[in-house]
Amino acid sequence: MTSFFEATFAMLIFPGGLFALAAGLMLKGVDRKAVARLQRRVGPPLYQPALDVLKLTVKETLIPHTANELAFKLAPVLGLSGVLLTAAVMPIGGVWNGVTGMKDLLVLLYLLPLPAMALMIAGSASSSPYGALGFSREMVVMFAYEMPLIASFLAVAVRVGGTGGSMFALDSIINYQMAHGPMIFDPIMLPAFIAMLLFIPGTMGAGLFDIPEAEPEVIEGPLLEYSGPLLAMFQLMSAVKLVVVVELVVALFMPNGLGGNVLVNLVWHLFKCLALMLVAVTVFRASTGRLRLEQGFTFFVKYTSPLALASLGLAYMLR
Amino acid sequence: MLPFLKVLARNLRQGPSTDPFPFAPTYTPARFRGRAELDAEQCILCGICRHVCAAGAIQFRAAEDGSGMEFRVWHNSCTYCGLCAHYCPTKAIRMTNDWHLSHKGEDMYSFAETKFVKLGQCAECGATIQPRPAAIVEKLGARYPERFMLCPKCKRETLANHAASRKVIRVEEAR
Amino acid sequence: MNEIAKQALESALTKALGPDSVFWNKDLNGNSFGWVRLADNDGLARAAAALAGVSARLMVITAYRVDKYANYPGREIAYHFDLDGTVVTVTASLPTDEDTIPSITRWFQNADWHEREFMELYDIKVTGHPNPVRLFLDANVEQGALDRLVPLSTMMNGACTKTLWEKVYAGTEMPDWAKGAQ
Amino acid sequence: MLNKFINKIAPRSPWLYRLNAGSCNGCDVELATVALIPRYDVERLGCKYCGSPRHADIVLISGPLTSRVRDKVLRVYDEIPHPKVTLACGACPVSGGVYRDSYTVNSPIDQYIPIDVVVPGCPPRPHAIIEGVALALEIWRKRLEEGTCSRS
Amino acid sequence: MSGTYTLPIGPLHVALEEPMYFDIKVKGETVESLGLSAGHVHRGMESLAMQRNYLQNVVLTERVCSLCSNSHPSTYCMAVENLAGIMVPERAQYLRVIADEVKRIASHLFNVGIMAHLVGFDSLFMHAMEVREIMQDVKEGVYGNRMNLGACTIGGVRYDIDAEMNAFIRGKLEELKPHLEEIYGIYTTDPLILKRTTGVGVLPEADARRYGVVGPVARASGIAYDVRKKTPYCTYKELNFDVQWDTKGDVHSRALVRLREAVDSVSLIEQCLEQMPEGPIELERFVEIPEGEAVARSEAPRGELFYYLRSDGSDTPHRLKWRVPTYMNWEALQTMMTGCQVADIPLIVNSIDPCISCTER
């Protein structure tokens, strides 16, 4: 019974649900403001993403007559609930240990691609050539960044040690770092950390990897045909996804809190997320443009994956 | 490796370069070509402005009582090229540097500068003639200002009288 | 400096069209312009071949009506070529009953668009064009848009649609000139 | 209650969409300048340029509506979800500007599309466009409060 | 996804400033063939030119296109002057060169900026546009409009540059110079720009000659043809500059040619401000246009601009025909695009600096 309440709380309030939505919109706001500052602009107010979402809820929803209506409407629902679920199981060092029974890296591995899947469904359901192109691009990019993601997961798991299911348990990863210091200071794990730093813009479609939703090429790809509340859901999905992805890297490499106070730890956690986002998303997208699809793919295969694999190999040898 | 990071760092240091408008007033260059304005006192109704207006924004309409012409620049057709002002012989048309022209859609057909240009009156017989503002009198009518203010008919008569009187003088001199 | 190009053009056109076929003049900046008037339209192919032979470049083709100032009604087509800065204009005439001209895309591939353009604007038929479809004009605009004489009312300064001026002068008497506009 | 609140704040997130109805690109360049460069930064008003008409709130129309582009413009205009506000940029959409009596020009555009705001100029300077957008936001706010939209 | 399908781009596509319709056959992400459908901005301007008088046409030709909006009236005026034998005062000729070169800098910066935007490098785009604003300030300050200068008129120019304006322009040019250099450095060394643009949309010299392309597109493909050198007009004969060209013929070299030309333009303006003699800037009175025909050419930012004027002695041209640089460059897209990636389409289209409103008039 407690676990049911716990899971519900996690899904609806904290760390998923409302908290994740608020944190995501805030991160997005900071991102836009910071990019504006880098470009010598004033930029929008911090709460602009929230305003955007609220405004979209009063707009009309148009569904193209060629679209598959059910899939078209379901895609954003799937994507948003997927990321909210992911946010719920994400542990926060010194604050929250994750939902009982779901404290597992492998669960994350299955949950993380959900937003991309939602976009793919959206792209194919809208039946426009741009949606189709966005669909195939999303798929190629996903293949590219899943590889370093899995390798990094394995590297962390191997480093933590243990056997069978326990090596993928999120608690043991956190506990290991509480005991041995954060992974980010572990020279063996540094390549994997860098790989994950590149994974963040890769999955968020920022800077070099803004390929599936490239505006001048495929006009925001799968989102082209969406409007109104459905588009708002995609906006929320993207915001929560940002939180989830940075939280993931924080959990894997630097979950350590600052002592026992939960509130202090929470603020510290948000600060880490913010810093990570500023480096991996904001500055990254302000200082680069986008690669061609095959260049982006090669980039991951040639640079990111080897980095993660190097950590995995080293961790395995120094077991 | 990334030469652009330098630019970004500088941008951050220098702070936003955004113009405060619309929250604060902004600059307007003195030569800016904005809304056209007619000084009806200077207009001689020569029509060169309408002749050079590529957009057909400048139009005249005669008043029903025949006392003058209504001049109109429709700002929504005007291309703000300034040719009318350039070729205006008395500089009656002027391009102001007012660019605050945005207005609601329902006003778009009435958004025009309308001025009434009174026709001149012959100093002799009172017939309507082209307006004779001070500017044009100084420029063209400087030699015979009083004759310049006459209608063609009266002018002919004065000229004839004048010539006749000259002849009389000459005849007297010869005598 | 342009003398070499001028010589090359002169000799090529002389070979194709006979002596003294080119008339030369200079603009105020001292640049040379050559003017050729074709005696018959078969000469166009010969001139085009000769100009392609000296690797001149086709710049533009202008078609226009001539009935306003020439002695005969009809159209003329001016082909403007450039060789290293020297411009030669070769003009062919199309009297009223004639409306066909051979394509020069064989020698100048880039004549494609120009020929399509005067086909639709002046309703001239081009024989041997590789892709004779409309270039700019929408299907609902009649072919030969510039071929028709412009009615005098629209030639008047400030000519515009009547409805527009009715709105501008809404509620008041329309000026006389506006009533006449179509 | 909530609806009222959203109606109040919605005009602080206007997404702009540029619709070229055959313009000489002067207005378009200025619109791009307004939308994207630091000096005018419309993002501080919450504006965002969007690539898809379906995301748009404020439509910026430039150009005299040529006959070939007319149907396409009208179709794209219909794809913009309500409530929307239309801004005509420059002289052309309203009167046809210098192109008025041409055989391919279909202006005034208000015989097809209701125009809410006009920004005269050829092209208008960016500040004037921002002023026009601000006026459009006023109109939008009023519409939301009254519950009417631009399809009149 | 590997089958061939059609990707319609346009006419109202976000990557294009203006409406143009491309029918692109795509296999996967590779372009197989390209069809062009033009005419969306056809405003029938040539017929309008035949209905307007000579002075109205100065304004009308300026509205052909706003990016090369000074080249059009100045070349039109040159054609009229050639026909009527009007000798433009020397100071006016210098002033025309200044107006042309100011527009050239702004136009080239706009083009390379848009290139950065199309590769998603928005910060660089904004930076280039912000630098372009310096030139926009010059235009607004000296001529009174940011796009359509209205500088030229038949027989001269309408705006004089007095000592105060001279100092203003010089100050702005000094401000511009280091930025131009820096931007050039970024475009030559930035890894992303290099990765996306080198070797893309190659137009070999032979094809360039076959299509008869002009302007920076031709010059980047090894054809060092610049009207300012080949048939000097205004005062270009007295000014010192080089024809910028390259042999690689790809998107990147076209951008670099443009940037180098922008640097040259700064020096050209400075030379004009230096050498400009005192004197009238416009003819005292309007001259009758006789019957006859005349041709005038100039180097617009996008390449050779051509005007043909046929007069019948009345106050409206009998026929006014112009051919804009982009008109010649469109067809060359067929060669540039075949085999490229979908992601490169906007880049390649932009690299010819397409001006659709120019092309379709």
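For clarity, every value in this text was computed on a predicted model and none was experimentally measured. Starting afresh in each chain, residues are numbered from 1 along the sequence in its written order. Ligands are numbered from 1 and chains lettered from A, in the order in which they are written. With the structure being a predicted model, the display of local features is reserved for residues of pLDDT at least 70 and the display and counting of side-chain atom pairs for 80 or more, all residues being used for whole-chain, interface and lining totals. Side-chain figures throughout are based on the complete set of non-hydrogen atoms in the structure, without hydrogens or water.

### Here's the deal with the overall build of chain A
And step 1. Scanning chain A from N- to C-terminus turns up 13 helices and zero strands.
And step 2. For the purposes of this entry, the term helix denotes a DSSP run of H or I that reaches at least four residues, the term strand denotes a run of E that reaches at least two, and both are numbered from the N terminus. Start at the N end of chain A and walk to the C end: the helices and strands fall as α-α-α-α-α-α-α-α-α-α-α-α-α.
And step 3. Summary of the burial criterion: residues with accessible area below 20% of their type's maximum are buried, those above 50% are exposed, and those between are partly exposed, where the area comes from a 1.4 Å probe applied to protein chains only. Of all 319 residues assigned to chain A, the portion counted as buried reaches 60%.

### Section: the overall build of chain C
And step 1. When helices and strands are tallied, chain C shows six helices and seven strands.
And step 2. From first element to last, N terminus to C terminus, chain C shows the α and β order α-β-β-α-β-β-β-β-α-β-α-α-α.
And step 3. Residue burial in chain C is summarised as follows: out of 182 residues, 56% are buried.
And step 4. Contact criterion: two residues are considered in contact whenever any of their non-hydrogen atoms come within 4.5 Å of each other. Residue pairs at least 24 apart in sequence account for 46% of intrachain contacts in chain C once pairs closer than 6 positions are excluded.
And step 5. In this description, accessible areas are obtained by the Shrake-Rupley approach with a 1.4 Å probe, and a residue is regarded as covered only by the protein chains that are shown. In the structure as shown, chain C presents an accessible area of about 8000 Å², 54% of it carried by carbon and sulfur atoms.

### Re the interface of chain E and chain C
And step 1. Listed as interface residues are 47 residues of chain E and, on the opposing side, 46 residues of chain C.
And step 2. Counting each side, the surface lost to burial between chain E and chain C is near 3900 Å², with a carbon and sulfur contribution of 55%.
And step 3. When two parts are put together, the accessible area they lose, computed with a 1.4 Å probe and summed over both, is reported as buried area. When the area that chain E buries against chain C is broken down by residue, the three leading residues are Gln 51, His 318 and Tyr 327 of chain E, summing to 14%.
And step 4. The term salt bridge refers to a side-chain nitrogen of Lys or Arg lying within 4 Å of a carboxyl oxygen of Asp or Glu. Taken together, the connections running from chain E to chain C amount to five salt bridges.
And step 5. For the salt bridge of Glu 76 of chain C with Arg 310 of chain E, the shortest nitrogen-to-oxygen distance reads 3.8 Å.
And step 6. Counted as a polar contact is a pair of N or O atoms within 3.5 Å, where, for protein atoms, one must be capable of donating a hydrogen and the other of accepting one, and residues adjacent in sequence contribute only when both atoms are in side chains. Taken together, the links from chain E to chain C amount to 17 residue pairs in polar contact (both at pLDDT 80 or more).
And step 7. Of the residues assigned to the side of chain E that touches chain C, the class counts are 18 nonpolar, 11 polar and 18 charged. Lys, Arg, Asp and Glu make up the charged group, whereas Ala, Val, Leu, Ile, Met, Phe, Trp, Tyr, Cys and Pro make up the nonpolar group; the residues left over, Gly among them, are polar.

### Quick notes on unusual backbone geometry
And step 1. With an omega of -10°, the peptide bond running from Cys 122 of chain D to Pro 123 of chain D counts as cis.
And step 2. Within the secondary structure, Pro 123 of chain D sits in the loop between strand E5 (117-119) and helix H5 (126-146).
And step 3. One non-glycine residue, Asp 353 of chain E, adopts positive backbone phi at about 50°.
And step 4. Looking at the element boundaries, Asp 353 of chain E is found in the loop between helix H14 (345-351) and helix H15 (356-360).
And step 5. Taking the relative accessible area as the measure of exposure, Asp 353 of chain E reaches 4% and is therefore buried.

### Remarks on the interface of chain B and chain D
And step 1. Chain B puts 32 residues into the contact, and the matching count from chain D is 31 residues.
And step 2. Carbon and sulfur atoms make up 59% of the surface buried where chain B meets chain D, a total of about 2600 Å² over both sides.
And step 3. For the pair chain B and chain D, the interface holds zero salt bridges.
And step 4. For the pair chain B and chain D, the interface holds 13 residue pairs in polar contact (both at pLDDT 80 or more).

### Re the packing of helix H9 (residues 190-204) of chain A against helix H11 (residues 228-253) of chain A
To characterise two packed helices, one gives the angle between the axes of the helices and the distance between these axes.
All names here are of chain A.
And step 1. Between N-to-C directions, angles span 0 to 180 degrees; the directions come from axes that are lines fitted to C-alpha atoms, helices contributing only their stretch in contact. Relative orientation of the contacting elements H9 and H11 amounts to 175°, with a least axis distance of 10 Å. What the angle tells us is that H9 and H11 run roughly antiparallel. Counting all contacts with H9, which are made through Ala 192, Phe 193, Met 196, Phe 199, Ile 200, Thr 203 and Met 204, the residues of H11 involved are Ser 238, Lys 241, Leu 242, Val 245, Val 246, Leu 248, Val 249, Leu 252 and Phe 253.
And step 2. Looking at the contact of H9 with H11 residue by residue, the class counts come to 13 nonpolar, two polar and one charged. Here the angle decides the label: under 35 degrees means roughly parallel, over 145 means roughly antiparallel, 65 to 115 means roughly perpendicular, and every other value means oblique.

### Observations regarding the packing of aromatic side chains
Residues and elements named next belong to chain A.
And step 1. Put simply, two rings from Phe, Tyr or Trp (the six-membered ring, in Trp's case) pair if the centres are within 6.5 Å, and we call them stacked under 30 degrees between planes, edge-to-face over 60, tilted for the rest. As enumerated under the stated definition, the model contains 18 aromatic pairs over all chains in all.
And step 2. Seen from their ring centres, Tyr 226 and Phe 234 are 4.9 Å apart, and the 75° between their planes marks the pair as edge-to-face.
And step 3. Assessed through its relative accessible area of 2%, Phe 234 is described here as buried.
And step 4. Ring geometry for Phe 299 versus Tyr 303: centroids 5.2 Å apart, planes at 55°, classification tilted. Here Tyr 303 and Phe 299 lie together in helix H13 (residues 293-317), a separation of four residues that amounts to about one turn.
And step 5. Tyr 303 gets classed as partly exposed once you look at its relative accessible area, which sits at 45%.

### Some words on the sheet that holds strand E5 (residues 86-95) of chain C
Residues and elements named next belong to chain C.
And step 1. As summarised here, the arrangement of the five strands in space is E1-E2-E5-E4-E3, forming an open sheet in which the pairing is mixed. Bordering the open sheet on either side are strand E1 (22-26) and strand E3 (57-65), each of which pairs with just one other strand. Each strand of the sheet is rotated relative to its neighbour by a mean of 20°, with strand direction disregarded.
And step 2. Alignment of strand E4 (residues 74-83) against E5, held across 10 bridges, turns out to be antiparallel. Note that in E5 the partner of His 80 across the bridge is Thr 89.
And step 3. Packing of helix H3 (residues 111-122) onto the sheet brings it into contact with E3 and E4, and relative to E3 it is tilted by some 5°. Two strands form a pair only when DSSP identifies at least two bridges running between them.

### Description of the confidence of the model for chain A
And step 1. Values of pLDDT, ranging from 0 to 100, describe the predictor's confidence in every residue of the model. Here chain A shows a mean pLDDT of 81. Residues at 70 or above account for 92%.
And step 2. For chain A, the element scoring lowest by mean pLDDT is helix H10 (residues 215-218) of chain A, at 59; helix H2 (residues 17-38) of chain A scores highest, at 87.

### Focus: the pattern of salt bridges
And step 1. Applying the stated criterion across every chain, the model contains 62 salt bridges over all chains.
And step 2. With its nearest N and O atoms 3.1 Å apart, the salt bridge here joins Arg 32 of chain A to Asp 52 of chain A. Highlighted residues: Arg 32 of chain A in helix H2 and Asp 52 of chain A in helix H3 (residues 48-57), separated in sequence by 20 residues. Both residues of the pair, Arg 32 of chain A and Asp 52 of chain A, belong to the buried class.
And step 3. Note that Asp 41 of chain D is salt-bridged to Arg 41 of chain A, the shortest N-O span being 3.0 Å. Of this pair, Asp 41 of chain D sits in the loop between helix H2 (26-36) and strand E2 (48-49) while Arg 41 of chain A sits in the loop between H2 and H3, on two different chains.
And step 4. Look at the salt bridges and you will find they share partners, linking Glu 30 and Arg 39 of chain D together with Glu 133, Asp 137, Arg 146, Lys 172 and Glu 175 of chain E into a network.

### Quick look at the side chain of Asn 31 of chain C
And step 1. Tracing the backbone shows Asn 31 of chain C in the loop between E1 and strand E2 (32-37).
And step 2. For Asn 31 of chain C, the side chain forms a polar contact with the main-chain oxygen of Pro 232 of chain E, separated by 3.1 Å.

### Observations concerning the confidence of the model for chain C
Residue and element names in this part refer to chain C.
And step 1. Counting all residues, the mean pLDDT for chain C is 73, and 71% of those residues have values of 70 or more.
And step 2. Note on residues 150-160: pLDDT is under 50 here. Beyond four places in sequence and across chains, it has 27 contacts.
And step 3. Scored below 50 in pLDDT, residues 177-182 makes 21 contacts in the model with residues more than four places away or belonging to other chains.

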